[in-house]
Amino acid sequence: MEHSGIKVQFIGSIEMFFDRGTHYEFLSLVQELAAPGEMRHPQTFNFEFKNVEKQHESYHGINVKLRYFIRVIITRRMPDIVGEKDIWVYSYKMPPENTSSIKMDVGIEDCLHIEFEYSKSRYHLKDVIVGKIHFLLVRLKIKYMELSIIRRETTGSSPNQYNESETISRFEIMDGQPARGETIPIRLFLGGFDLTPTFRDVNKKFSTRYYLSLVLIDEDARRYFKQSEITLKSRKHADTSSRPFQVSNIQMEIVNAVSDNKNNIKSEKQGYSLTNEKDIQKTKNYINHVNLRDIAAHAAEERLEKSKNRGISAPGKLSAQLEAEKKKTRTMLLDDIIKEKQIERNLKQTDLQWN
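None of the values given here were measured: they were computed from a predicted structure.

Asker: Give a detailed account of the overall build of the protein, specifying residues and quantitative values.
Answerer: Summing up its helical and strand segments, the protein has four helices and 17 strands in all. Here the protein holds 355 residues, and the buried ones make up 30% of them. Sequence separation of at least 24 residues holds for 64% of the intrachain contacts in the protein that already meet a minimum separation of 6. If you sum the accessible surface of the protein, you get close to 24500 Å²; carbon and sulfur atoms cover 49% of it.

Asker: Residues and numbers for a nonpolar patch on the surface, please.
Answerer: Together, Trp88, Tyr90 and Tyr92 line one region of the surface with nonpolar side chains, adding up to about 390 Å² of accessible area. Counting through the fold element by element, Tyr90 comes out in the loop between β7 (81-87) and β8 (102-108).

Asker: Now, about the nonpolar core: what can you tell me, with residues and values included?
Answerer: Membership of the largest hydrophobic core comes to 29 residues, with the highest contact counts inside it found for Tyr118 and Phe135. Counting residues per element, the ones that place at least two in this core are β8, β9 (112-118), β11 (128-138), β12 (142-157), β14 (183-189), β16 (206-218) and β17 (223-233). What Phe135 contacts, discounting residues up to four positions off in sequence, is His113, Ile114, Ile142, Met145, Met174, Pro178, Ala179, Arg180, Gly181, Glu182, Ile184 and Leu216. One finds Phe49, Val64, Leu66 and Tyr68 within the second-largest nonpolar core, a separate group that totals 22 residues.

Asker: How would you sum up the sheet that holds β9? Please name residues and give values.
Answerer: Taken in spatial order, the four strands of this open sheet run β8-β9-β11-β14, and their pairing is antiparallel. Looking at which strands have only one partner, the edges of the open sheet turn out to be β8 and β14. When the angles between neighbouring strand axes are averaged without regard to direction, this sheet yields 15°. Sheet topology places β8 next to β9; seven bridges connect them, and they run antiparallel. Following the sheet pairing, Gly107 is matched in β9 by His113.

Asker: Break down unusual backbone geometry for me, with residues and values.
Answerer: Here Asp201, not a glycine, exhibits a phi torsion of approximately 50°, which is positive. For Asp201, the location among the structural elements is in strand β15 (residues 199-202). By relative accessible area, which is 53% here, Asp201 ends up exposed. Although it is not a glycine, Ala221 adopts a positive phi angle of roughly 65°. Considering the arrangement of structural elements, one finds Ala221 in the loop between β16 and β17.

Asker: Just give me the short version of the pattern of salt bridges, but keep the residues and values in it.
Answerer: Per the counting criterion, the structure on display carries 13 salt bridges. The partner of Lys103 in a salt bridge is Glu117, with the nearest N and O atoms 4.0 Å apart. Taken together, the residues span a long stretch of sequence, with Lys103 in strand β8 and Glu117 in strand β9 at a distance of 14 residues. Judged by relative accessible area, Lys103 falls into the exposed class, the value being 61%. Residue Lys120 pairs with Asp127 through a salt bridge whose shortest N-O separation is 3.0 Å.

Asker: How would you sum up the pairing of β7? Please name residues and give values.
Answerer: In this sheet, β7 lies alongside strand β6 (residues 64-75) in antiparallel orientation, the contact comprising seven bridges. Bridge pairing in β7 links Ile73 to Val82. Taking the residues that link successive antiparallel strands as the turn, the β6-β7 hairpin has five residues.

Asker: Could you give an account of the packing of aromatic side chains, naming the residues involved and the relevant values?
Answerer: Counting across every chain of the model gives nine aromatic pairs. Ring centres of Phe10 and Tyr68 lie 6.2 Å apart, and the angle between their planes is 25°; on these two criteria the pair is classed as stacked. Here Phe10 is found in strand β2 (residues 5-16), whereas its partner Tyr68 is found in strand β6, with 58 residues between them in sequence. Take Phe10 and Tyr68: they sit in the same class, and that class is buried. Judged by centre distance (6.0 Å) and plane angle (65°), the ring pair of Phe171 and Phe193 falls under edge-to-face. Of the two residues, Phe171 sits in strand β13 (residues 160-175) while Phe193 sits in the loop between β14 and β15, which places them 22 residues apart along the sequence. Cluster of aromatic residues (ring-pair linked, three or more members): Phe10, Phe26, Phe47, Phe49 and Tyr68.

Asker: Describe the confidence of the model for the protein, and please don't skip the residues or the numbers.
Answerer: Model confidence for the protein is summarised by a mean pLDDT of 75, while 68% of its residues fall at 70 or above. Least confident of the elements in the protein is helix α1 (residues 249-270), whose mean pLDDT is 39; most confident is strand β5 (residues 59-60), at 93. Across residues 239-280, confidence stays below pLDDT 50; counting only partners more than four residues off in sequence or on other chains, it has eleven contacts. Counting contacts from residues 282-293, a segment whose pLDDT is below 50, to residues more than four positions away or on other chains yields 13 contacts.

Here is what the cut-offs are and how they apply
Along each chain, the written sequence defines residue order, and numbers are assigned to residues from 1. Owing to the predicted nature of the model, reporting of local features is limited to residues with pLDDT of at least 70; listing and counting of side-chain atom pairs is limited to 80 or more, with chain, interface and lining totals taken over all residues. Heavy atoms throughout the structure, all of them, feed into the side-chain values; hydrogens and water do not. Comment: elements are numbered from the N terminus, with helices defined as DSSP H or I runs of at least four residues and strands as E runs of at least two. Note on classification: 1.4 Å probe, protein chains only; a residue is buried when its accessible area is under 20% of the maximum for its type, exposed when over 50%, partly exposed between these limits. Contact definition: two residues touch when any of their heavy atoms are within 4.5 Å. Computed with the Shrake-Rupley method and a 1.4 Å probe, the accessible areas treat only the protein chains shown as cover for residues. Patch membership is restricted to residues that have no salt bridge and whose relative accessible area is over 30%. Joining uses 9 Å for like charges and 5 Å for the nonpolar side chains Val, Leu, Ile, Met, Phe, Trp and Tyr. Think of a salt bridge as a Lys or Arg side-chain nitrogen and an Asp or Glu carboxyl oxygen that are within 4 Å of each other. Buried Ala, Val, Leu, Ile, Met, Phe, Trp, Tyr and Cys residues form a nonpolar core when they are joined through side-chain atoms within 4.5 Å. When DSSP finds two or more bridges between a pair of strands, those strands are recorded as paired. Only the contacting stretch of a helix is used when fitting its axis, a line to C-alpha atoms as for every element, and angles between N-to-C directions run 0 to 180 degrees. Stacked, tilted and edge-to-face are the three classes assigned to paired rings of Phe, Tyr and Trp, where Trp is represented by its six-membered ring and a pair needs centres within 6.5 Å; plane angles under 30 degrees give stacked, over 60 edge-to-face, the rest tilted. The predictor attaches a confidence to each residue, and that confidence, scored 0 to 100, is pLDDT.

This is the structure in structure tokens:
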């Protein structure tokens, strides 16, 4: 195949759907891949566009599309051969941490007075909108209240300007008549919606803005609404590749088991078994200073005193109660004696092993 040259282009353009698909290129770079000649077999050409400033993020809206793409052109005497490949560009810009909150005071004279507040005016696409609505005066019969996210796309310039509004989502945040002084909390997660960053006068061709719309509907189906603009930006996810490697719990247990096994083998070769000396001393002190039988007897006296306080005063009932308490105390004393003797035997065996 004979050709008059091969070139590759990197292009950024804005396409207006309403204007018969008119294209406006804001970025255009060209590289020559091959001089005029003849191509007899498949060939590979390497190219590179270094340090290209992509000032706008890719966008596909209702009436406009901002796209970046690679175009390869093989020039011939006959119609040229053209191939294109789109590239989606993200612009990661974090909103400032200390953004001002949105506070507004709206109402109808002598009928309705409300204050609403959002924690901030700038959000990333996976953020959470937190706010509250406070009713100061309510003389209207309100049926319910909604909160909507609205995307407004503006394309072209005056007098040929087009506006398109789209409701991304609508939530009912209150049902029924609110009382004076009542506060309605707002918590809206943005991660589940198909949102884009905010665009303002991109190349003087289009804008895309987002609004929070608060709507109150009364029993006569009249609507009272107020909108406030918010700014959305993309946020780059944290890179986890540089985090230090952590050994899992299972691996740690295996390592500890192997270490304990080695220590036991070493101790057996030396002719004695390891015992925790601190635990032995703690057990001896406990036996020497605490009399288990005294504790059980004291507990029996407390139970008898509680029974008297509950009003058990009849002779028959009191005798039966005393007999039951005595039997219970004897059982506890026998158990304590058995436990004490068992501890003493264990200590003797431990001392023999240690010596």
